[in-house]
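A closer look at the structure
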Amino acid sequence: MSQPTIESILQEHRLFHPSAEFSQKAQIKSLDEYHRLYEEANADPQAFWARLAETELHWFQKWDTVLDWQPPFAKWFVNGKLNISYNCLDRHLTTWRRNKAALIWEGEPGDSRTLTYAQLHREVCQFANALKHLGVQKGDRVGLYMPMIPEAAIAMLACARVGAAHTVVFGGFSAEALRDRLVDGQAKVVVTADGGWRKDAIVPLKEQVDKALADGSVPSVTHTLVVKRTGQETHMQGDRDHWWHDLQKQVSADCPAEPMGSEDLLFILYTSGSTGKPKGVVHTTGGYNLYSHITTKWIFDLQDTDVYWCTADVGWITGHSYIVYGPLSNGATTVMYEGAPRASNPGCFWDVIEKHGVNIFYTAPTAIRAFIKMGDEHPKARDLSSLRLLGTVGEPINPEAWIWYQQVIGGGRCPIVDTWWQTETGGIMITALPGAIPTKPGSATLPFPGILADVIDLEGNSVGVNEGGYLAVRHPWPGMMRTVYGDPDRFRRIYWEHIPPKEGQYLYFAGDGARRDEDGYFWVMGRVDDVINVAGHRLGTMEIESALVSHPAVAEAAVVGKPDELKGQDIVAFVTLEGTYSPSDALLKELKQHVVNEIGAIARPGEIRFAEALPKTRSGKIMRRLLRDLASGVEISSDTSTLEDRSVLEKLREG
Ligand code: WTA
């Protein structure tokens with residue numbers, strides 16, 4: 001099993017229709033209905049989004065302008081006032097949903113907890129008051145470095161409630177990476193836990209926070225708020241650190257949601273790009289609330305009795321939009337799981353589905369491939385009959401894995417939504433609507449209503465049917481990122497001027513390669529820039545290179561991705577050493593560990609190759625395409641005539 005190749009995908013013509021039974025009950029019931037919605041949105045995008053904003057969300061004050069578009073800067077629902085935590089909690093309390101399960105949590109060691117909407121509301125209000133007690137005010141930023149426990153969602157909603165922006169840092173990132181993000185976002189408070197469970201081991205999160213904050217290296221941080229999860233020995237520093245359970249006893253559970261402007265900052269989430277350090281993707285309140293809400297409702301076809309489970313981590317955008325905000329805004333029951341697939345517990349996902357009667361299940365192709373390898377006997381030994389809809393996200397899915405998912409997990413009866421989107425887009429952009437759009441294994445199918453997706457060349461012209469090109473979006477949408485935090489120029493350059501605007505027409509450049517087939521279906525082929533996607537995690541080659549060259553032994557480093565059966569891609573680093581160092585197994589290990597310390601375990605190179613020199617052009621640019629081919633063990637496809645020194649290539653080949 002491997003990544004889809006162009007050949008395998010071009011041969012993929014199977015078409016899967018939803019059953020009549022599924023379609024009849026679905027939110028969007030037919031292809032005609034999808035087309036009608038798409039046309040409605042196309043004819044008058046502002047009227048379309050305004051209609052949904054009006055009917056789907058609660059507003060303290062209505063907007064006066066739907067869209068103020070000063071390319072590439074958009075403002076949606078200008079002068080409207082709302083609060084996403086109100087939309088996720090308060091508005092359900094006056095309905096029968098008050099005592100419905102909002103969050104079902106399954107802990108790694110087997111503990112679990114269910115919070116109804118009323119209970120979740122209460123905890124969020126208390127947490128919000130605890131943040132206020134620590135001096136957090138509307139407009140501040142709060143860093144979250146959390147395990148997958150209910151308090152992660154509670155803290156996010158509490159920030160939103162008081163009008164502070166959260167910046168969640170994935171708990172697998174190192175102290176160094178955490179520090180960079182806290183500094184960039186100028187966080188005032190850090191919310192963390194003593195530890196969290198990750199694959200049979202405890203991650204000492206608070207210890208990492210201490211390292212990140214050591215010697216006053218993040219001067220903006222005045223306090224930390226620490227949730228007790230694992231109970232291990234934890235150092236608490238004087239006036240700076242506070243236990244959540246201590247503060248909880250002191251604060252009231254009354255905390256009205258702060259009316260926020262539509263364009264007030266909701267959160268910053270850092271993501272990797274092809275250049276420089278990770279960028280802070282900025283999302284604001286109104287547009288994001290609407291977009292995460294309506295995509296969840298239509299794509300996951302939420303019905304009131306459903307139990308919905310997305311396996312992402314809240315440290316990524318998928319966790320933000322499709323564990324927390326989208327499902328709760330819809331009044332759904334959302335499952336949160338602290339564990340991860342691994343050989344020591346090969347049935348873990350299927351146990352959760354059986355135990356909680358999960359109806360809708362959303363995961364990554366990498367997880368699916370890992371489970372295929374662990375064997376069909378594990379899912380087959382569980383009752384998965386509650387499932388009615390499956391989803392995937394994060395990377396292209398190879399048709400073999402799609403079919404396995406459909407047959408073995410979905411029992412042949414569940415539609416699959418393959419959802420293409422990005423941290424920057426806020427919500428899903430290209431996907432099937434499960435009761436309406438027939439699916440093809442490996443294709444994300446069609447754009448969501450209101451999304452003018454296209455495949456273009458570098459001049460911005462649409463390419464022909466089945467021709468390869470670049471994925472782009474031709475019109476702003478409510479969930480789009482607003483800017484790069486603190487760097488609007490970078491936002492403009494990377495996303496909107498990569499394709500030079502013609503006659504004021506700005507195109508959003510996604511950074512993915514794609515093709516559209518004769519039915520208009522999109523086939524996303526993967527990144528076209530220096531971003532690699534390892535097990536659905538997005539990493540910049542530059543970040544890993546910087547980490548490597550910060551080690552005294554390394555003179556130069558070039559990092560590329562190579563296809564990997566399980567992870568989609570794996571990291572290969574080519575490294576030249578400083579004069580006094582020579583290659584050894586010990587150094588190899590040390591360098592891998594160095595990357596883990598600098599970034600986190602997700603960035604550990606699968607392979608490091610020592611080289612005498614790196615292949616460069618005469619102007620000194622590293623020839624990455626060539627290294628990619630070498631790493632993948634395929635024929636060199638790039639032009640080598642520009643190579644400055646051909647012997648470098650020969651030596652690399654010899655290894
Ligand atoms: C890739 C994750 C193919 C793509 C939500 C994109 C996909 C990057 C798919 C964004 C999919 C995501 N098919 N590729 N269904 N979904 N991608 O920001 O390369 O972590 O640009 O957001 O993941 O990754 P990010």
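Here, every reference points to the structure presented above.
Residues numbered from 1 in each chain as written. Predicted model: local features only at pLDDT ≥ 70, side-chain atom pairs only at ≥ 80, totals over all residues. Heavy atoms only, no water.

Inspection of the region around the ligand gives 17 residues, with Asp418, Thr423, Asp512, Arg527 and Arg538 positioned closest. In the environment of the ligand, a nitrogen atom lies 3.4 Å from a nitrogen or oxygen atom belonging to the backbone of Glu395. A distance of 2.8 Å is found between a nitrogen atom of the ligand and a backbone nitrogen or oxygen belonging to Thr419. Here the ligand, which alone exposes 530 Å², has 95% of that area covered by the protein. (Near = heavy atom within 4 Å. Polar contact = N/O pair within 3.5 Å; in protein donor to acceptor, adjacent residues only side chain to side chain. Areas by Shrake-Rupley, 256 points an atom, 1.4 Å probe, with all protein chains shown as cover.)

For the rest of this paragraph, the subject is the sheet that holds strand 23 (residues 508-516). Ordered in space as 21-22-23-24, the 4 strands form an open sheet in which the pairing is antiparallel. In the strand order of this sheet, the two ends are held by strand 21 (453-456) and strand 24 (522-527), each with one partner. Going from strand to strand, the sheet's axes swing by 45° on average, the running direction of each strand aside. (Pairing = 2+ DSSP bridges. Helix = DSSP H or I, 4+ residues; strand = E, 2+ residues; numbered from the N terminus. Axes fitted to C-alpha atoms, helices over the stretch in contact; angles between N-to-C directions.)

As a packed pair, helix 20 (residues 624-632) and helix 21 (residues 646-654) sit with axes 11 Å apart at the nearest point and diverge in direction by 20°. If you check the angle between helix 20 and helix 21, you find them roughly parallel. Two packed elements cross with a definite hand, and for helix 20 against helix 21 that hand is right-handed. Where helix 20 approaches helix 21, its residues Leu626, Leu627 and Leu630 are matched on the opposing element by Leu649, Leu652 and Arg653. Among the residues forming the contact of helix 20 with helix 21, the class breakdown is 5 nonpolar, no polar and 1 charged. (Parallel < 35°, antiparallel > 145°, perpendicular 65-115°, else oblique. Left-handed = near helix turned anticlockwise from the far one by under 90°. Contact = heavy atoms within 4.5 Å. Nonpolar A, V, L, I, M, F, W, Y, C, P; charged D, E, K, R; others polar.)

Of the two faces of strand 7 (residues 165-168), both are covered, the one formed by Ala165 and Thr167 as well as the one formed by His166 and Val168. By the bridge criterion, 4 bridges tie strand 6 (residues 141-145) to strand 7 in an arrangement that is parallel. Note on strand 7: the bridge partner recorded for Val142 is His166. (Buried < 20%, exposed > 50% of the residue type's maximum accessible area, 1.4 Å probe, protein only.)

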